[in-house]
Amino acid sequence: MSAIKFELIKTCKQTGARLGKIQTPHGEIQTPIFMPVGTLATVKAMTPEELKDINAQIILSNTYHLYMRPGHELVEKAGGLHKFMNWDRPILTDSGGFQVFSLGPLRKIKEEGVEFRSHIDGSKHFISPEKAIEIENALGADIIMAFDECAPYPADREYVKNSLERTTRWAQRCKDAHKNTERQALFGIVQGGMYKDLREQSAKEITDIGFPGYAIGGLSVGEPKPIMYEVLEYTTPLLPEDKPRYLMGVGSPDDLIEGVLRGVDMFDCVLPTRIARNGTAFTSQGKVVARNAIYADDFRPLDPECDCYTCKNYTRAYIRHLVKCNEILASRLLTYHNLHFLLKLMEDVRTAIQEDRLMDFRNEFFEKYGYTK
Ligand SMILES: CCNc1nc2cc3[nH]c(NC)nc3cc2c(=O)[nH]1
Ligand SMILES: [Zn+2]
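Residues numbered from 1 in each chain as written. Chains lettered and ligands numbered in written order. Predicted model: local features only at pLDDT ≥ 70, side-chain atom pairs only at ≥ 80, totals over all residues. Heavy atoms only, no water.

A word on the overall build of the chain
Within the chain, the secondary structure is distributed over 15 helices and 16 strands. The C-alpha atoms of the chain give 20 Å as radius of gyration, which agrees with the globular expectation for 373 residues (21 Å, within 12%). Counting over 373 residues, the chain shows a buried share of 58%. Long-range contacts, defined here as pairs at least 24 residues apart, represent 67% of the contacts in the chain between residues at least 6 apart. Distance between charge centroids for the chain: 3 Å, based on 48 positive and 51 negative side chains. (Helix = DSSP H or I, 4+ residues; strand = E, 2+ residues; numbered from the N terminus. Rg over C-alpha atoms; globule rule 2.2 N^0.38 Å. Buried < 20%, exposed > 50% of the residue type's maximum accessible area, 1.4 Å probe, protein only. Contact = heavy atoms within 4.5 Å. Lys, Arg positive; Asp, Glu negative; His and termini not counted. Charge placed at Lys NZ, Arg CZ, Asp CG, Glu CD.)

With respect to the site of ligand 1
Near ligand 1 lie 15 residues; those nearest to it are Asp148, Gln191, Gly218, Leu219 and Ser220. Take Gln191: an N or O atom from its side chain is 2.9 Å from an oxygen atom of ligand 1. At 2.8 Å from a nitrogen atom of ligand 1 is found a main-chain nitrogen or oxygen belonging to Leu219. Protein chains shield 87% of the accessible area of ligand 1, which is 430 Å² for the free molecule. (Near = heavy atom within 4 Å. Polar contact = N/O pair within 3.5 Å; in protein donor to acceptor, adjacent residues only side chain to side chain. Areas by Shrake-Rupley, 256 points an atom, 1.4 Å probe, with all protein chains shown as cover.)

Overview of the coordination of the zinc ion (ligand 2)
For the zinc ion (ligand 2), the protein coordination sphere consists of Cys306 (SG), Cys308 (SG), Cys311 (SG) and His337 (ND1), at 2.1 to 2.3 Å. Here the zinc ion (ligand 2) is ringed by four donor atoms whose angles at the metal span 101 to 116°, and the overall shape comes out tetrahedral. Take Cys308: its relative accessible area is 3%, and that puts it in the buried class. Among the residues examined, His337 registers a relative accessible area of 0% and is labelled buried. (Donors = N, O, S within 2.8 Å, 3.2 Å for Na, K, Ca; no water. Tetrahedral: all angles 85-135°; square planar, octahedral: opposite > 155°, others 65-115°.)

Remarks on the layout of surface pockets
Volume-wise, the largest pocket comes out at about 900 Å³. Taken together, 42 residues form the lining of the largest pocket, with Phe98, Gly249, Asp268, Cys269 and Val270 sitting closest to its centre. At the level of elements, α5 (97-101), α9 (225-235), β14 (266-269) and α11 (271-277) are the ones that each hand at least two residues to the lining of the largest pocket. The leading source of residues in the lining of the largest pocket is α11, at four residues. By volume, the second largest pocket is sized at about 320 Å³. As for the second largest pocket, its lining consists of 14 residues, of which Ser284, Glu305, Phe341, Lys344 and Asp348 are closest to the centre. Every element with two or more residues in the lining of the second largest pocket is listed here: α14 (328-354) and α15 (358-369). Among the elements that take part in the lining of the second largest pocket, α14 stands out by supplying five residues, more than any other. (1 Å grid on protein atoms, 1.4 Å probe; cavity = no way out; pocket = protein on both sides within 12 Å on 5 of 7 lines; lining within 4 Å. Points joined across faces, edges and corners; volume = space filled by probe spheres on them.)

Quick notes on the UniProt feature "binding site: Zn(2+)" (unreviewed entry) in the chain
According to UniProt, the positions carrying the feature "binding site: Zn(2+)" (unreviewed entry) are Cys306, Cys308, Cys311 and His337. A stretch of 32 residues holds the annotated residues, and the largest C-alpha distance among them is 8.5 Å, short enough that they meet in one place. Put simply, the named residues that line the second largest pocket are Cys306. In this structure, Cys311 sits in helix α12 (residues 309-313). Contact partners of Cys311, with chain neighbours within four places excluded, come to Pro301, Leu302, Asp303, Cys306 and His337. (UniProt positions renumbered as here; feature names shortened; annotations may be inferred.)

Shown next, in the form of structure tokens:
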């Protein structure tokens with residue numbers, strides 16, 4: 001019995017887009033869905049109540065970071081991540097794979113696992129598939145990710161093939177090590193870089209092992225957008241129709257819509273929260289860099305078409321002032337708006353799929369947002 005149940009409600013006739021529902025031990029998730037990232041058991045600058053105000057249904061936390069600080073044993077002692085951070089809705093944890101690989105020269109990859117030095121104090125650590133699952137079981141997220149290698153971009157065929165085959169062996173070890181299958185659904189991750197035949201090989205090997213959901217890894221790693229879209233085009237159809245599909249690390253407005261059109265159900269990305277802390281907002285007419293002098297006496301909201309708390313109560317001039325003064329409230333108001341913007345976008349996408357007009361929605365949105373397509 002798996003911890004989650006996926007219901008495919010509708011598949012868009014025009015495109016590959018799907019409308020779905022995922023039942024988890026901490027509640028239901030409507031897909032397509034965007035997951036705000038809360039790396040250190042907090043979605044930076046947001047309280048759980050504010051996340052509920054904007055209808056965040058599931059958030060993501062990072063295993064590597066929580067293993068480093070405060071340690072998964074402490075979180076377990078607190079009663080798990082939900083209790084520790086006062087979030088009673090679904091949580092997804094990654095496996096640390098991507099983080100330790102992005103530590104660059106500080107890490108050594110072996111069949112057994114990955115040796116790396118802490119980015120905090122340089123201390124030596126070792127994460128194996130078994131260790132990653134032990135940490136994720138201790139954190140207690142509803143959806144947990146396998147320990148994989150995200151091949152860098154670009155990478156030659158030989159490297160990508162060897163890497164995906166090790167990721168398959170690690171995926172089996174993760175599944176064998178995973179204890180808590182009733183309460184935590186383990187998702188497999190498909191690799192294969194930008195090579196069609198290697199994506200086919202990885203998809204076959206990972207789906208042969210069998211998981212309640214599948215992530216498409218190795219994308220949004222610096223490749224041009226058309227290449228990411230092309231890889232999606234031929235990879236999502238290789239995954240079971242009756243299981244959720246999760247594209248990791250993707251979250252700009254255009255990529256979310258293009259991903260949904262190609263059959264992706266779940267997304268996560270640090271972009272909305274990270275650019276907020278750098279003073280930039282997503283708006284229906286494109287990005288607004290609040291610090292820009294043109295907004296000094298602009299008393300309109302960030303986005304005149306947005307009905308969020310930030311846009312109902314504050315002006316561009318005031319937010320620019322806060323950003324210039326490096327005020328904490330700047331990060332809070334911009335994060336609130338950016339997350340609301342993406343969560344509302346996904347709600348509009350779900351409605352468009354329901355009404356069989358997703359292609360029209362995409363074209364209207366791109367036109368208004370200023371995407372040249
Ligand atoms: C769950 C950990 N494994 C894992 N995380 C990832 C996170 C990503 N984040 C981005 N762009 C921001 N690409 C990613 C690929 C992977 C990937 O291939 N694997
Ligand atoms: Zn707003």
